[in-house]
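Report on the structure
The lines below spell out each chain.
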Amino acid sequence: MHDASLLNLQCLILHLYLPECSPYRLQGRIPSAYDRKVLLWVGRFKKDQDIPEIVSIEMLHAARNKIRVQICYLMIAVSVGACVVMVLSGKKAFRQRENLTKWNLEKKAKLKEQYRLEHETVADKTQ
């Protein structure tokens, strides 16, 4: 209870000395190195020196949202590209009459042959 009244008193004093600043709204913050990179990538500022010492939180949220959307667009493009590649490789395999059943049968035949050869050499050594 004491902490809440102290907080309310601090907000009231802040509002009296800085009437343009609302005590319930954060005005800005010092951008971190990551925030600076995001602001540059988005194109909000041209150089690192152009970024002010205190940046509004709304500007940071808008820049992060814009980066998020750009990453989503990139992921969509990569997914569509991967789908196209898989369709093309499937069509190529179909034209060459390759399928999983054929590959599995060939692999099993090869393994059986290796197993047979190993057991023949072991049997020859024992005799």
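Residues numbered from 1 in each chain as written. Predicted model: local features only at pLDDT ≥ 70, side-chain atom pairs only at ≥ 80, totals over all residues. Heavy atoms only, no water.

Our focus in this paragraph is the environment of I67. Along the chain, the position of I67 falls in helix α3 (residues 57–95). Considering only alpha carbons, one finds I67 and W41, 26 residues apart in sequence, at a separation of 7.9 Å. With sequence-adjacent residues up to four places away left out, I67 is seen in contact with V38, W41 and V42. (Helix = DSSP H or I, 4+ residues; strand = E, 2+ residues; numbered from the N terminus. Contact = heavy atoms within 4.5 Å.)

Take the pattern of salt bridges next. Inspection of the entire model under this criterion finds 5 salt bridges. A salt bridge links R29 to D35; the nearest nitrogen and oxygen atoms lie 2.3 Å apart. Owing to a relative accessible area of 35%, R29 belongs among the partly exposed residues under this scheme. Taking the relative accessible area as the measure of exposure, D35 reaches 1% and is therefore buried. (Salt bridge = Lys/Arg side-chain N within 4 Å of Asp/Glu carboxyl O. Buried < 20%, exposed > 50% of the residue type's maximum accessible area, 1.4 Å probe, protein only.)

Now for the confidence of the model for the protein. On average, residues of the protein score 84 in pLDDT, and 80% of them reach the 70 mark or higher. By mean pLDDT, helix α1 (residues 2–17) is the weakest element of the protein at 57, and α3 is the strongest at 94. (pLDDT = per-residue confidence, 0-100.)

Each pair of packed helices can be described by the angle between their axes along with the distance between the axes. Direction vectors running N to C along helix α2 (residues 33–42) and α3 enclose 65 degrees, while the axes themselves pass 9 Å from each other. Every pair of crossing elements has a handedness; the one defined by α2 and α3 is left-handed. Along the contact surface, α2 presents Y34, D35, V38, L39, W41 and V42, while α3 presents M59, L60, A63, R64, K66 and I67. Grouping the amino acids of the contact of α2 with α3 by side-chain chemistry returns 9 nonpolar, no polar and 3 charged. (Axes fitted to C-alpha atoms, helices over the stretch in contact; angles between N-to-C directions. Left-handed = near helix turned anticlockwise from the far one by under 90°. Nonpolar A, V, L, I, M, F, W, Y, C, P; charged D, E, K, R; others polar.)

Further remarks concern the nonpolar core. Among the nonpolar cores identified, the biggest contains 10 residues, and these are V38, L39, V42, F45, I51, V55, M59, L60, A63 and I67. Secondary structure elements with two or more residues in this core: α2 and α3. For this core, the leading source of residues is α3, giving 4 residues. (Core = buried A, V, L, I, M, F, W, Y, C linked by side-chain atoms within 4.5 Å.)

It is worth spelling out α3 at this point. End to end, α3 covers 57 Å across 39 residues, agreeing with the expected 57 Å (1.5 Å per residue, within 8%). Among the residues making up α3, those that are buried are I57, M59, L60, A63, I67 and A93. Buried residues along α3 sit in contact with α2. Trailing α3 by a residue or two, R97 shows a phi angle of about 60 degrees, which is positive. (Expected span 1.5 Å × (residues − 1).)

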